[in-house]
Structures are given as structure tokens and as C-alpha cells.
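Chains, contacts and geometry: an overview
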Amino acid sequence: MEFREIGLSENEEVFALLEEASSGENGFSTGNVTKEAFREYLHGRVEESLGKNIPQGRVPQTTYIYYFEGKAVGILKFRRELNEALLLQGGNVGYYIKKSMRGNGFGSKMLASFIEKVAKKTNLEKLLITCNEDNLLSEKVILSSGGNLENIIDGKKRFWIKL
């Protein structure tokens, strides 16, 4: 399994993954990407990662695409800083696994790989990850990477992972 930061040269396979994730399932959204707006979306993600043109109320974030055997299977968003809204819901990390690939351990592998290869190399001491109270698969992923439940607020479980 490998991952890379999203860039301007992404292909139709990445578009299809982003389109699938656009449903906002369990709070994860890519903003309803369309084919016509795909290049603009990619440009926005690159700028967002660089801290440029950040809409009010949002923080810079880096989007990664995860691959298994050369196929795009997941998306992970990483925010190095948190605002009040993200402290309640969203946290430092949001992730999505392609529906047809769920239940095979990809979420756990993706999060563990991200923590080792990226998060531990930052100046953060811990990561906040949230999930819907009824999302047992996501909870299992978070717990497998050392997540500790702090509390539940408005149906969102809030976990901290020490780095």
C-alpha cells in the first residue's frame, strides 16, 4: 500500500474515487466533484495544502490518495491545525475507503501508514479523529491505531491518538 499527496495530474480513477466520496457519507465529503470541475478541484486541493486561498472558517489541509496494487482505494485529509468546529467534529484526520474495498483492513493500514510516514514527522503531539457514534468500522480503524475515546458530542465520538 502506498499513498501520495493529491496533485494536478490525477486521472479518471481518482476522479471516480472522489465522486464516490462526494456523497458526504459519515461526514466525509469532497465537495461534489464533477468532471467539468475536476481540474479546478485538484487546483484547489493543491492550494489548500499550501495554505493559499483558504475559505473563511476552514484551515489548510493536505489530501492524500491511497493505492493498493496500483488502484486508488482511499482518500485521507490531514489538517495540522484545528479550529473550534474541527475540535467538535472532523479533527486532524478524515478518511474514506472505496465502498467495494471496505472490510478488508484498508482503513487500518491507511491510517497506520499515514501516522508513521507523515504525522509522526510533524510537531504535533497527538491527532484528533472523530466518527459518527454508529460507525463501528471507522471506530475499529481508529482504535487499531491507538485511538483513545475522549467523549461523545452530538453523536460524534472524539478519539485522540498520541504520536
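Going by the structure above, here's the rest.
Quick look at the structure, then. (Residues numbered from 1 in each chain as written. Predicted model: local features only at pLDDT ≥ 70, side-chain atom pairs only at ≥ 80, totals over all residues. Heavy atoms only, no water.)

Across its full length, the protein chain carries five helices and seven strands. Counting from the amino terminus, the protein chain carries its helices and strands in the arrangement β-α-α-β-β-α-β-α-β-α-β-β. Whereas a compact globule of 163 residues would reach a radius of gyration of roughly 15 Å, the protein chain reaches 15 Å, a difference of no more than 12%. Along the first, second and third principal axes, the C-alpha set of the protein chain runs to 40 × 35 × 30 Å. Per-residue burial over the protein chain gives 45% buried out of 163 residues. Look at the contacts in the protein chain between residues 6 or more apart in sequence, and 58% of them connect residues 24 or more apart. A total accessible area of about 8,700 Å² is found for the protein chain, and carbon and sulfur atoms account for 48% of it. Averaged over its 23 positive side-chain charges, the protein chain has a centre that lies 4 Å from the centre of its 22 negative ones. (Helix = DSSP H or I, 4+ residues; strand = E, 2+ residues; numbered from the N terminus. Rg over C-alpha atoms; globule rule 2.2 N^0.38 Å. Buried < 20%, exposed > 50% of the residue type's maximum accessible area, 1.4 Å probe, protein only. Contact = heavy atoms within 4.5 Å. Areas by Shrake-Rupley, 256 points an atom, 1.4 Å probe, with all protein chains shown as cover. Lys, Arg positive; Asp, Glu negative; His and termini not counted. Charge placed at Lys NZ, Arg CZ, Asp CG, Glu CD.)

So, about the pattern of salt bridges. Considering all chains together, one arrives at seven salt bridges under this definition. A salt bridge links Glu-48 to Arg-58; the nearest nitrogen and oxygen atoms lie 2.7 Å apart. Of this pair, Glu-48 sits in helix H2 (residues 38–50) while Arg-58 sits in the loop between H2 and strand E2 (62–68), placing them ten residues apart in sequence. On the accessibility criterion, Glu-48 (2% relative accessible area) is buried. Measuring nitrogen to oxygen at the nearest pair gives 2.7 Å for the salt bridge that ties Lys-157 to Glu-139. Pair noted here: Lys-157 is in strand E7 (residues 156–162) and Glu-139 is in helix H5 (residues 136–144), with a separation of 18 residues, a long-range link. (Salt bridge = Lys/Arg side-chain N within 4 Å of Asp/Glu carboxyl O.)

Our focus in this paragraph is the sheet that holds E7. The three strands lie next to each other as E5-E7-E6, forming an open sheet whose pairing is antiparallel. Of all the strands in the sheet, the pair left with one neighbour each is strand E5 (126–132) and strand E6 (148–153). Neighbour-to-neighbour, the strand axes of this sheet turn through a mean angle of 25°, independent of strand direction. (Pairing = 2+ DSSP bridges. Axes fitted to C-alpha atoms, helices over the stretch in contact; angles between N-to-C directions.)

What follows deals with the environment of Ala-112. Along the chain, Ala-112 turns up in helix H4 (residues 106–117). Residue classification places Ala-112 among the partly exposed residues on the basis of a relative accessible area of 37%. Sequence separation between Ala-112 and Pro-60 is 52 residues; the distance between their C-alpha atoms is 22 Å.

What follows deals with the packing of aromatic side chains. The final tally for this structure, using the stated rule, is six aromatic pairs. When the centroid spacing of 5.4 Å and the interplanar angle of 80° are considered together, the rings of Phe-3 and Tyr-64 count as edge-to-face. With a gap of 61 residues between them, Phe-3 in strand E1 (residues 2–5) and Tyr-64 in strand E2 connect regions that are remote in the sequence. Tyr-64 shares its class with Phe-3; the two are buried. Centre to centre, the rings of Phe-78 and Phe-114 are 5.0 Å apart; their planes meet at 65°, and the pair counts as edge-to-face. (Phe/Tyr/Trp six-rings, centres within 6.5 Å; stacked < 30°, edge-to-face > 60°.)

The subject of this paragraph is unusual backbone geometry. The backbone of Asn-53 shows a phi angle near 55°, a positive value even though the residue is not glycine. By secondary structure assignment, the location of Asn-53 is in the loop between H2 and E2. Judged by relative accessible area, which is 64%, Asn-53 ranks as exposed. A positive phi angle is found at Asp-154, which is not glycine, with a value near 50°. The exposure class of Asp-154 is exposed, given its relative accessible area of 78%.

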